[in-house]
Structures are given as C-alpha cells and as structure tokens.
Amino acid sequence: MNVLGLGLYYEDLPVGRSFKTIGRTITETDIINFVTCTGMTEVLFTDFEFQAKESDIKGRVAPGALVFTFMEGLLTQCSMQHTGFAFLNMDLEIKGPSIAGDTIHVEVEVVESRRSKSRPNRGIVRTRNVVRNQRGDIVMIYTPARMVKARTDGREQAA
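Residues numbered from 1 in each chain as written. Predicted model: local features only at pLDDT ≥ 70, side-chain atom pairs only at ≥ 80, totals over all residues. Heavy atoms only, no water.

**Brief notes about the overall build of the protein**
When helices and strands are counted, the protein shows five helices and eight strands. Beginning at the N terminus, the succession of helices and strands in the protein can be written as β-β-α-α-α-α-β-β-β-β-β-β-α. Counting only C-alpha atoms and orienting by the principal axes, one finds that the protein spans roughly 65 × 35 × 30 Å. Residue pairs at least 24 apart in sequence account for 71% of intrachain contacts in the protein once pairs closer than 6 positions are excluded. Taken as a whole, the protein presents about 9100 Å² of accessible surface, with 54% of it coming from carbon and sulfur. (Helix = DSSP H or I, 4+ residues; strand = E, 2+ residues; numbered from the N terminus. Contact = heavy atoms within 4.5 Å. Areas by Shrake-Rupley, 256 points an atom, 1.4 Å probe, with all protein chains shown as cover.)

**Considerations on the packing of aromatic side chains**
Counted under the stated rule, the structure contains two aromatic pairs. Ring geometry for Phe-68 against Tyr-142: centres 5.0 Å apart, planes inclined by 75 degrees, an arrangement best described as edge-to-face. Taken together, the positions of Phe-68 in helix H4 (residues 64-80) and Tyr-142 in strand S7 (residues 138-142) put the pair 74 residues apart, joining distant regions of the chain. Three or more aromatic residues joined by ring pairs make a cluster, and in this case those are Phe-68, Phe-87 and Tyr-142. Lying across the ring of Phe-70, Arg-24 places its NZ or CZ 4.1 Å from the centre. The side chain of Arg-122 reaches across the aromatic face of Phe-85, ending 3.9 Å from its centre. (Phe/Tyr/Trp six-rings, centres within 6.5 Å; stacked < 30°, edge-to-face > 60°. Lys NZ or Arg CZ within 6 Å of the ring centre and 35° of its normal.)

**Here we look at a nonpolar patch on the surface**
Among the surface-exposed residues, Phe-87, Met-90, Leu-92 and Ile-94 lie close enough to one another that they form a single nonpolar patch of about 330 Å² accessible area. Mapped onto the elements, Ile-94 comes out in strand S4 (residues 92-94). On the accessibility criterion, Ile-94 (49% relative accessible area) is partly exposed. (Patch = residues over 30% accessible without salt bridge, like charges linked within 9 Å, V, L, I, M, F, W, Y side chains within 5 Å. Salt bridge = Lys/Arg side-chain N within 4 Å of Asp/Glu carboxyl O. Buried < 20%, exposed > 50% of the residue type's maximum accessible area, 1.4 Å probe, protein only.)

**Brief notes about the pattern of salt bridges**
Counting across every chain of the model gives twelve salt bridges. Across the pair Arg-24 and Asp-30 runs a salt bridge whose closest N-O atoms are separated by 2.8 Å. Residue class for Arg-24 comes out partly exposed when judged on its relative accessible area of 28%. Given a relative accessible area of 16%, Asp-30 falls into the buried group.

**Let's talk about the nonpolar core**
Leu-13, Ile-26, Met-71, Leu-75, Val-131, Met-140 and Tyr-142 are the most contacted members of the largest nonpolar core, which has 31 residues in total. Elements supplying a minimum of two residues to this core: helix H1 (28-38), helix H2 (43-46), H4, strand S5 (103-115), strand S6 (122-132) and S7. Top contributing element to this core by residue count: H4, with eight residues. (Core = buried A, V, L, I, M, F, W, Y, C linked by side-chain atoms within 4.5 Å.)

**With respect to the environment of Val-139**
Within the fold, Val-139 resides in strand S7. Each C-alpha atom of the pair Val-139 and Arg-114 lies 29 Å from the other, and the pair is 25 residues apart in sequence. Dropping the residues within four chain positions of it, Val-139 is found in contact with Glu-93, Ile-94, Lys-95, Gly-96, Pro-97, Ser-98, Val-131 and Asn-133.

Structure (structure tokens):
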C-alpha cells in the first residue's frame, strides 16, 4: 500500500525542477502567538500606536522570521516528510512586508543538486525559494541547502 505525504528524494530534485506550495494566510493571532513565543517584542509588532504613527508599513506587520517559518512548514508538509535530513545553510533577503491578512506561498526552483561525498545515500540540494503574497509581490527570497535522502546508494553512478 502506498503512503501519501512522503517527501521528495534526491533523485526527484534535479536542477531546474520547480513547484509551488499551497498558500497560508497570516492572521493577527499568528503574529501575536509568534511574537509572544519567541520574545520578539519589538514595538513594530506589539504597539498599535507606534505602528499607526511611526511605521511606514500600514497594518499589523508580521516578523520576517514568522514568514520564513510558515514557508518551511508548508515545504515540510509537501516535500520533506521522511526525506529531509539536515538544513545546512542559507542566504535570506526580505524584499517587502507581510501583514495580517496576507496569503503567502513559496515558489521553489532547484538550483543545485549533487550526491553527498561523505554520505552517498544522501544528496545535497539547494533551492531558490521565492515567497509571494496574494498580489504576486515578492516578500522574501531564500536559498537553503539541505541534505536529502536518496533512493539509491550512488554506486550505480560510479560503475
């Protein structure tokens, strides 16, 4: 019997492959819970008067870390269950704000894919992840490298 919801293997992630996740709407409750849980009590996230009078961004601002975390959650659900083994590194750029009510998703393109030298039953995959809101605006770009499970041990390539 097939198991649904399993992640993508190294062999499923050649350079050039692309896909996108479903969307996730950021709510006021999400922002409050995230800010409280993490201790990110910056006035931009906690003080309505400051937001109204001082901020250039109108609306309840979501921390970039929350946006990143939501996207990683969506990616885990659609592509990493049982196959994602290590988050190795990344570059991250915030391109614009996300606010309560925005629905965000991530568009993924594989930009590097190679067999691990030290663990041939794994691959190293780097993606370019573009986070967009419901208007199509880019709000974040990040390029994580991950160690991913392979279906094979790599010996067939050496032969």
